[in-house]
Amino acid sequence: MSAPPSARSDEREQLELFRALPGDMAPRDAQDLMAYPFFSLAKSKRTVPIDYRSGGITVRVEGTAEHGLATIWDADILIWAASQIVEARDAGIRPSRLMQATPYEILRYVGRGTSLRDYQRLRAALDRLQSTSIATSIRETTRRRLHRFSWINEWKERVDTRGQPQGIELILPDWFYVGVLDAALVLTIDPAYFQLTGGIERWLYRLVRKHAGRQARGWQFDFKHLHRKSGSLARPYDFACDLRALVARQSLPGYLLSIERTAGGSEILAFRPVPYTARG
């Protein structure tokens, strides 16, 4: 449930405005968002909730009938925000959950165009991020407690007295902001990530980056586990076909994928880093 308007205005008044920093900076991603199914992988609107439970971890994601769940493409805005926060912190500049930027700055950073349609898609993404509700036990002291929030508490477009746009302001949730400020919970990702077009492809890169990291021998998961961990609504057969296609294409920047089989015949996706790629 969203906070009442009075609570939102009080929150805004208590926060210091952080103006987005100019220039190129390494993309940073929050490890919790890379490891668990927080986003829809479909380009069409999804209203079916994501409900993931494993080893005491709970992730419940719900969207509205109007906007649907936030997608993995919408998460690019959170990657932009995380990159800004880390860059400011490392430069000795005080960041804030209240951020201001122009749509142009955000779109260019995440590799999008700057046409009217791109601006409209950015607004739709911000609406989905705000209307998506998350409940999770991640980082809670007791796994029986759930932290509830939306990816964006609120956002608005600012205009001058003549009605000319001056940019966008948004307020990030405390759960996300605190995680990004913890250097141990953030990884640098390859800028080529923004060029990946498929939902499963993007999700798999983030999972692989999170688990393979600098380990020369990489990591591996069986197909069934990956299907559960993705939160995808695709049938297991179709999901497996998508994984095999990704292995054939080798499109994940910085990683080599392969398929192995267990003695029982189950398929396993193995991945390992290749030299001279983005490091965290």
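Nothing here was measured: the structure is a model prediction, and the numbers come from that model.

Student: What am I meant to see in the overall build of the protein chain here?
Tutor: Check the secondary structure of the protein chain and you find 9 helices and 13 strands. Its C-alpha atoms give the protein chain a radius of gyration of 19 Å, within 12% of the compact-globule value 19 Å for 280 residues. Seen along its three principal axes, the alpha-carbon backbone of the protein chain occupies a region of about 70 × 40 × 35 Å. When burial is assessed residue by residue, the protein chain has 51% of its 280 residues classed as buried. A separation threshold of at least 6 residues defines the contact pool for the protein chain, and within that pool the share at least 24 residues apart is 65%. Approximately 13,900 Å² of the protein chain is accessible, and the part contributed by carbon and sulfur atoms is 50%.

Student: Whenever I open this one, the side chain of His227 confuses me. Can you help?
Tutor: Structurally, His227 can be placed in helix H8 (residues 223-230). On the basis of relative accessibility, which here comes to 17%, the residue His227 falls in the buried class. In this structure His227 touches Ser232, Ala234, Arg235, Pro236 and Phe239, once residues within four positions along its chain are discounted.

Student: Mind showing me how you'd approach the packing of aromatic side chains here?
Tutor: Pairs of aromatic rings are described using the distance from one ring centre to the other and the angle between the two planes. If you walk through the whole model with that rule in mind, you get 13 aromatic pairs. Both rings, one in Phe149 and one in Trp151, keep their centres 5.4 Å apart while their planes meet at 75°; by these two values the pair is edge-to-face. One aromatic cluster is present, built from ring pairs that chain together Phe38, Phe39, Phe149, Trp151 and Trp175. We note Arg139 situated over the ring of Trp175; from NZ or CZ to the ring centre the distance is 4.0 Å. The ring of Tyr193 carries Arg202 above its face, with NZ or CZ at 4.6 Å from the centroid.

Student: Help me understand the pattern of salt bridges in this model?
Tutor: Close approach of charged atoms allows side chains with opposite charge to pair. Taken as a whole, this structure holds 19 salt bridges when the rule is applied. Note that Arg206 is salt-bridged to Asp29, the shortest N-O span being 2.7 Å. Remark: Asp29 occurs in strand E2 (residues 28-30) and Arg206 occurs in helix H7 (residues 199-212); sequence separation between them is 177 residues. Taking the relative accessible area as the measure of exposure, Arg206 reaches 2% and is therefore buried. A relative accessible area of 2% places Asp29 in the buried class. Linking Arg235 and Asp238 is a salt bridge whose minimum nitrogen-to-oxygen distance equals 2.9 Å. By sharing partners, the salt bridges in this structure join Arg28, Glu87, Arg89 and Asp90 into a single network.

Student: Where do I start with helix H5 (residues 116-131) in this structure?
Tutor: Along an α-helix, a turn takes 3.6 residues, which lines up residues three or four apart on a common side. If you check H5, its first and last C-alpha atoms are 23 Å apart, about what 16 residues at 1.5 Å a residue would give, namely 22 Å. For H5, every residue scored as buried is listed here: Asp118, Leu122, Ala125, Leu126, Arg128, Leu129 and Ser131.

Student: Teacher, can you tell me more about the packing of helix H3 (residues 75-90) against helix H6 (residues 174-181) here?
Tutor: Relative orientation and spacing of two packed helices are given, respectively, by the angle between their axes and the distance between those axes. It is at 9 Å that the axes of H3 and H6 come closest, and there the two elements cross at 45°. On the basis of their axis angle, the class for H3 and H6 is oblique. Taken as a pair, H3 and H6 cross one another with a handedness that is right-handed. In this structure, H3 uses Leu78, Ala81, Ala82, Ile85, Val86 and Arg89 to contact H6, whose residues at the interface are Phe176, Tyr177, Val180 and Leu181. A breakdown of the residues in the contact of H3 with H6 according to their chemical character gives 9 nonpolar, no polar and 1 charged.

Student: Would you take a moment to explain the sheet that holds strand E1 (residues 18-19) for this structure?
Tutor: Note on sheets: strands pair through backbone hydrogen bonds, and any given pair is parallel or antiparallel. Taken in spatial order, the 4 strands of this open sheet run E1-E5-E9-E8, and their pairing is mixed. Edge positions in the open sheet fall to E1 and strand E8 (154-159), since each of these has one partner strand only. Where H3 meets the sheet, its contacts fall on E1, strand E5 (98-101) and strand E9 (165-171), and the angle it forms with E5 comes to roughly 105°. Seen against the sheet, H5 touches E8 and E9 and runs at an angle of roughly 145° to E8.

Student: What exactly am I supposed to notice about the nonpolar core here?
Tutor: Across soluble globular proteins, you tend to see nonpolar side chains buried next to one another. Ranked by internal contacts, the top residues of the largest apolar core, which has 80 residues, are Phe38, Trp80, Trp151 and Phe176. Sorting elements by how many residues they give to this core places H3 first, with 10 residues. Beyond its immediate sequence surroundings of up to four residues, Trp151 is in contact with Leu33, Phe38, Phe39, Ala70, Leu78, Leu129, Thr132, Ile134, Leu172, Pro173 and Trp175.

Cut-off values and rules
Residues numbered from 1 in each chain as written. Predicted model: local features only at pLDDT ≥ 70, side-chain atom pairs only at ≥ 80, totals over all residues. Heavy atoms only, no water. Helix = DSSP H or I, 4+ residues; strand = E, 2+ residues; numbered from the N terminus. Rg over C-alpha atoms; globule rule 2.2 N^0.38 Å. Buried < 20%, exposed > 50% of the residue type's maximum accessible area, 1.4 Å probe, protein only. Contact = heavy atoms within 4.5 Å. Areas by Shrake-Rupley, 256 points an atom, 1.4 Å probe, with all protein chains shown as cover. Phe/Tyr/Trp six-rings, centres within 6.5 Å; stacked < 30°, edge-to-face > 60°. Lys NZ or Arg CZ within 6 Å of the ring centre and 35° of its normal. Salt bridge = Lys/Arg side-chain N within 4 Å of Asp/Glu carboxyl O. Expected span 1.5 Å × (residues − 1). Axes fitted to C-alpha atoms, helices over the stretch in contact; angles between N-to-C directions. Parallel < 35°, antiparallel > 145°, perpendicular 65-115°, else oblique. Left-handed = near helix turned anticlockwise from the far one by under 90°. Nonpolar A, V, L, I, M, F, W, Y, C, P; charged D, E, K, R; others polar. Pairing = 2+ DSSP bridges. Core = buried A, V, L, I, M, F, W, Y, C linked by side-chain atoms within 4.5 Å.

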